[in-house]
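Each chain is listed here by its residues.
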Amino acid sequence: MARRGFIASLAAFLNGCSPAALLNATVPRKGFTLEPDIAYGAQPRQKLDLYRPDKPRADGKAVIFFYGGTWDSGSKSDYLFVAQALCASGYTVVIPDYRIYPEVRFPAFVQDGAQAVRWTSDRVGSGKLFVIGHSAGAHIALLLMTNTPYLAAAGVDRMKLPGVIGLSGPYDFLPLTSAKLINIFGGANNPDVEAITFAQAPLPPALLVHGAADDIVYPRNSEHLAAAWQKAGAPVELKLYPGVGHIDVVAAFADLLQSRAPTRADVQAWLDKH
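Residues numbered from 1 in each chain as written. Predicted model: local features only at pLDDT ≥ 70, side-chain atom pairs only at ≥ 80, totals over all residues. Heavy atoms only, no water.

Asks: Help me get a handle on the overall build of the protein chain, residues and values and all.
Replies: When you go through the protein chain residue by residue, the secondary structure sums to ten helices and eight strands. Radius of gyration (C-alpha) of the protein chain: 17 Å, near the 19 Å computed for a compact globule of 274 residues. The dimensions of the protein chain, computed from C-alpha atoms along their principal axes, are 40 × 40 × 35 Å. When each of the 274 residues of the protein chain is scored for burial, the buried share is 55%. A separation of at least 24 residues holds for 73% of the contacts in the protein chain among residues at least 6 apart in sequence. In the form shown here, the protein chain has an accessible surface area of approximately 10800 Å², with 53% of it arising from carbon and sulfur atoms. Averaged over its 25 positive side-chain charges, the protein chain has a centre that lies 3 Å from the centre of its 23 negative ones. (Helix = DSSP H or I, 4+ residues; strand = E, 2+ residues; numbered from the N terminus. Rg over C-alpha atoms; globule rule 2.2 N^0.38 Å. Buried < 20%, exposed > 50% of the residue type's maximum accessible area, 1.4 Å probe, protein only. Contact = heavy atoms within 4.5 Å. Areas by Shrake-Rupley, 256 points an atom, 1.4 Å probe, with all protein chains shown as cover. Lys, Arg positive; Asp, Glu negative; His and termini not counted. Charge placed at Lys NZ, Arg CZ, Asp CG, Glu CD.)

See the structure below:
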């Protein structure tokens, strides 16, 4: 993937450790309390990690973060570095696992996301909960927060949630050409799999972040969705980072890689004002 450079080379040197594991090795294990593997459903992957900051914000704001992995991989434990960064600013953080291919296909992972949001909303209050995702996780986050039935079916009023943040997400990516993705999404050209299809009023405030050098998920995904958000009359901010690739957008949450992209500062500033 684009611009892995530094951490990928170090990972290979350190006996093949994953980039996420390497980043997590640099993260302080203080400032928060972790409650791991809380069930939000009955299936093995329907579990989440809850990070409670030692010094929570007075306003009680919280974040649920959906990680990426091409809808067929990923683990909540890989994103300790994201949780630590947000907890350091007083946010309660939830990171769920969700079912993935080949165990399930679309829309099961979106439905899992809705269940995880319901659990978190019940815990922290819907008016305090922001939905964030990176890559495939941003696809899930934006399908939940556009004008779709997923959250309503889980018992959540999406318009009571204060906002959504998409990091390097695929929102306008049809037609599919990969045989695996066609299998995951049940066809090559189904508009129901794209957030842009459902970017219709009413919509919550949104922040869309993308690396301009992303060659995994092209920046036009965020550009097109931002334009659709504006057309619907909803508030949206679009941040495009010159020279930044797909992984650096999320890796920049870690102290070690903050200089790669202003993601952490931009996300926290946006959260602070919403």
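Asks: Please provide a residue-by-residue account of the side chain of T148, values included.
Replies: Tracing the sequence through the fold places T148 in the loop between α5 (136-145) and α6 (150-153). Reaching out from T148, the side chain makes a polar contact with the backbone oxygen of L143 at a distance of 2.5 Å. (Polar contact = N/O pair within 3.5 Å; in protein donor to acceptor, adjacent residues only side chain to side chain.)

Asks: Tell me about helix α4 (residues 108-124), and name the residues and values.
Replies: Taking 1.5 Å per residue, 17 residues should reach 24 Å; α4 reaches 24 Å between its end C-alpha atoms and fits that length. Within α4, twelve of the 17 residues are buried, leaving the element largely enclosed by the surrounding structure. (Expected span 1.5 Å × (residues − 1).)

Asks: Talk me through unusual backbone geometry; I want residue IDs and the actual numbers.
Replies: Look at the link from Y101 to P102: it is a cis peptide, with omega at 10°. The omega torsion of the bond from F106 to P107 falls at 10°, within 30 degrees of zero and hence cis. Secondary-structure assignment places P107 in the loop between β4 (92-96) and α4. We note that W71 has phi near 65°; this positive angle belongs to a residue other than glycine. In this structure, W71 sits in the loop between β3 (62-66) and α3 (80-87). One non-glycine residue, S135, adopts positive backbone phi at about 60°. Tracing the sequence through the fold places S135 in the loop between β5 (129-134) and α5. What makes S135 buried here is its relative accessible area of 11%.

Asks: Let's hear about the sheet that holds strand β1 (residues 32-39): which residues, and what values?
Replies: Pairing is mixed across the open sheet formed by eight strands, whose spatial order is β1-β2-β4-β3-β5-β6-β7-β8. The open sheet has two edge strands, β1 and β8 (236-241), and neither has a second partner. The sheet shows a mean angle of 15° between the axes of neighbouring strands, direction not considered. Across the sheet, α4 lies against β1, β2 (47-53), β3, β4 and β5, angled at about 165° from β3, the strand it touches most. (Pairing = 2+ DSSP bridges. Axes fitted to C-alpha atoms, helices over the stretch in contact; angles between N-to-C directions.)

Asks: Describe the packing of aromatic side chains, and please don't skip the residues or the numbers.
Replies: Using the criterion set out here, one finds twelve aromatic pairs in the structure. Arranged with centres 5.8 Å apart and planes meeting at 35°, the rings of Y79 and F81 form a pair that is tilted. F81 shares its class with Y79; the two are buried. Following the ring pairs from residue to residue traces out a cluster consisting of F65, Y67, Y79, F81 and Y98. (Phe/Tyr/Trp six-rings, centres within 6.5 Å; stacked < 30°, edge-to-face > 60°.)

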